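Chain residues, written in single-letter form:
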Amino acid sequence: MFDSTADPATVRARYDRATAQLDAPLALVDLAAFDANADDLLRRAGGKPVRVASKSVRCRALLERVLAKDGFSGVMSYTLAESLWLARSGITDVLLAYPSADRAGYAELAGDPKLAAAVTVMVDDPAQLALIDAARDGGGERIRVCIELDTSLRLLGGRIHIGSRRSPLHSPAELADLARAVQRRPGFQLVGVMAYEGHVAGVGDAVAGAPVLSRGIRLMQSAARRELAGRRAAAVRAVRAVAPDLEFVNGGGTGSVQHTAAEEAVTEIAAGSGLYVPRLFDNYTSFTGRPAALFAMPVVRRPGVGVVTVLGGGYPASGAAGPDRLPEPWLPTGLRYAPQEGPGEVQTPLLGRPADDLLIGGKVWFRHAKAGELCERFDTLHLVEGDRVTGSVPTYRGEGMTFL
């Protein structure tokens, strides 16, 4: 859930004052909300370090702000090119959360001792090790490797599959087999295990207007947590028998921080979306956050009574297509999309009584459905403290970095 105690009209007036001299479209981050969300992630982690998921932030200055807080340690990246860029920028602990086929990136990694010491790559198949070796181009640095356990809940002999389709390694024995393959292969060092339970961490359990569905999700997640806790512990024991010097076991996500942190086998938690708290994270009973990242679009037309049109706004989020992937017109409250148009590529009509109080050039504030994807639309984030913009920082896009 998000903290709804603040009066929406007061919040809107504050953001309007802060950005009065800035033309929309624009994006902002409310630093008080951002920092409060960071502190809440640490509280829920219960003393275990939190690794920041960069895909949910996509702004180097804000990654550095979080990493400066005691309790946050390291970055979880999403492409090899991003990992190398972050390491070259001075971040000394980067875990790549997804396997890569970036041959040029692997050649650079294998040829640079500083990068090889800072970046850990993800594998879940011996073929990925072969690809890395083939890409070395003479580079002899030892590659740090993390292997991933599939966390999905499988029922009825596997006929029902709940969870992301990520790693093919579901059992402790399968994970240990890959650990042995890494250990046998020269030029690699097995340092970590990752297990991301997206069906728990990334699925809200309090869907508005759907109490029966919400109860079903909570029952599923309770069963999934119990099953995974036992299997993850067994998998970590099996891998440690092969690699006693394993450095970390990563798990969790914004929606499951406290549950994952309670598992003895897990040594660190991953989280990122909980810093911005986009609209997809409104439907959780496990935590309450404050919306910290917003974007504003300007009113450019008033087609009739109860209707205004803003420029652009068609910024859907990734995932299964549906209304929950659309930005939410948030402030002023009471605006909704025109059913036959929705948020558009170059213009978006908005319906509702508040439309009649909006003037040409005024701002409508939106919340994106997902966290870091907002930064693919804007090159700058304006940092708000109180009712002032106290700084402006580039997003990845603003630094010319579009990794996917």
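Let me begin by describing the structure that accompanies this report. (Residues numbered from 1 in each chain as written. Predicted model: local features only at pLDDT ≥ 70, side-chain atom pairs only at ≥ 80, totals over all residues. Heavy atoms only, no water.)

Examining the overall build of the protein chain
- Helices and strands together make up the secondary structure of the protein chain, namely 12 helices and 19 strands.
- Radius of gyration (C-alpha) of the protein chain: 22 Å, near the 22 Å computed for a compact globule of 404 residues.
- Taken over the C-alpha atoms alone, the protein chain extends approximately 70 × 50 × 40 Å along its principal axes.
- The buried share of the protein chain, taken over its 404 residues, is 54%.
- With the model as given, the accessible surface of the protein chain reaches about 16900 Å², and the carbon-plus-sulfur share is 52%.
- For the protein chain, the separation between the mean place of its 46 positive charges and that of its 45 negative charges on side chains is 4 Å. (Helix = DSSP H or I, 4+ residues; strand = E, 2+ residues; numbered from the N terminus. Rg over C-alpha atoms; globule rule 2.2 N^0.38 Å. Buried < 20%, exposed > 50% of the residue type's maximum accessible area, 1.4 Å probe, protein only. Areas by Shrake-Rupley, 256 points an atom, 1.4 Å probe, with all protein chains shown as cover. Lys, Arg positive; Asp, Glu negative; His and termini not counted. Charge placed at Lys NZ, Arg CZ, Asp CG, Glu CD.)

Considerations on the sheet that holds strand 6 (residues 143-148)
- Taken together, eight strands build a closed barrel; the order of strands is 2-3-4-5-6-9-10-11 and the barrel is parallel. Ignoring strand direction, the axes of neighbouring strands in this sheet form an average angle of 30 degrees.
- In this structure, strand 5 (residues 119-123) lies alongside strand 6, joined through four bridges in parallel fashion. For V123, the partnering residue across the bridge sits in strand 6 and is I147.
- Packed on one face of the sheet, helix 8 (residues 172-184) meets strand 5, strand 6 and strand 9 (188-195) and runs near 170 degrees to strand 6. (Pairing = 2+ DSSP bridges. Axes fitted to C-alpha atoms, helices over the stretch in contact; angles between N-to-C directions. Contact = heavy atoms within 4.5 Å.)

What about the side chain of H382?
- By the secondary structure assignment, H382 is in strand 18 (residues 380-385).
- Using a relative accessible area of 13% as the deciding quantity, one classes H382 as buried.
- Separated by 2.8 Å, the side chains of H382 and S392 make a polar contact. (Polar contact = N/O pair within 3.5 Å; in protein donor to acceptor, adjacent residues only side chain to side chain.)

What to know about helix 7 (residues 126-135)
- The complete set of buried residues in helix 7 reads Q128, L129, L131, I132 and A135. Burial along helix 7 is one-sided: seen end-on, the buried residues are contained in an arc of 160 degrees.
- Structurally, helix 7 contributes buried residues whose contacts are with helix 5 (103-110), strand 5, strand 6, helix 8 and strand 9.
- Measuring from the backbone nitrogen of A127 back to the side-chain oxygen at the start of helix 7 gives 2.8 Å, which picks out D125 as the cap.
- Two residues or fewer after helix 7 comes D137, characterised by a positive phi angle close to 55 degrees. (Arc of directions from axis to C-beta.)

Comments concerning the environment of A317
- Note that A317 resides in the loop between strand 13 (307-311) and strand 14 (328-331).
- Take A317: its relative accessible area is 11%, and that puts it in the buried class.
- Between the C-alpha atoms of A317 and L280, which are 37 residues apart in sequence, the distance is 10.0 Å.
- What A317 contacts, discounting residues up to four positions off in sequence, is R325, H368, A369, K370 and E373.

Some words on the nonpolar core
- Counting 92 residues, the largest nonpolar core has L62, V145, I147 and Y276 as its most contacted members.
- In terms of residues, this core owes the most to one element, helix 2 (residues 31-45), which gives seven residues.
- Residues within four places of I147 in sequence aside, it is in contact with M122, V123, L175, L178, A179, V182, L190, G192, V193, M194 and V239.
- Core analysis: the second largest hydrophobic core is formed by 12 residues, A18, L26, A296 and V384 among them. (Core = buried A, V, L, I, M, F, W, Y, C linked by side-chain atoms within 4.5 Å.)

Observations concerning the packing of helix 8 against helix 10 (residues 211-242)
- With their axes 8 Å apart at the nearest point, helix 8 and helix 10 run at an angle of 25 degrees to one another. Taken together, the axes of helix 8 and helix 10 are roughly parallel relative to one another. The handedness of the crossing between helix 8 and helix 10 is right-handed. Of helix 10, the residues touching helix 8 (which contributes P172, L175, A176, A179, R180 and Q183) are R231, A234, A235, A238, V239 and V242. (Parallel < 35°, antiparallel > 145°, perpendicular 65-115°, else oblique. Left-handed = near helix turned anticlockwise from the far one by under 90°.)

Re unusual backbone geometry
- With an omega of 5 degrees, the peptide bond between A24 and P25 qualifies as cis.
- For the peptide bond that leads from L331 to P332, omega is 0 degrees, which places it in the cis range.
- Mapped onto the elements, P332 comes out in the loop between strand 14 and strand 15 (336-337).
- Despite not being glycine, D137 shows a phi value in the positive range, around 55 degrees.
- Following the sequence through the fold, D137 ends up in the loop between helix 7 and strand 6.
- Of the residues examined, D137 reaches a relative accessible area of 71% and is grouped as exposed.

Overview of helix 5
- Listed as buried for helix 5 are G105, Y106, A107, L109 and A110.
- The secondary structure elements touched by the buried residues of helix 5 are helix 4 (80-88), helix 6 (113-118), strand 5, helix 7 and strand 6.
- Residue D102 occupies the N-cap position of helix 5, its side-chain oxygen lying 3.4 Å from the main-chain nitrogen of A104.

Re the pairing of strand 9
- With seven of eight residues buried, strand 9 is to be regarded as a mostly interior element.
- As paired strands, strand 6 and strand 9 are joined by six bridges and run parallel to one another. Bridged to I143 within strand 9 is F188.
- Looking at chain direction, strand 9 and strand 10 (residues 248-251) are connected through four bridges and run parallel. Each residue of the ladder has a partner; that of V193, found in strand 10, is V249.

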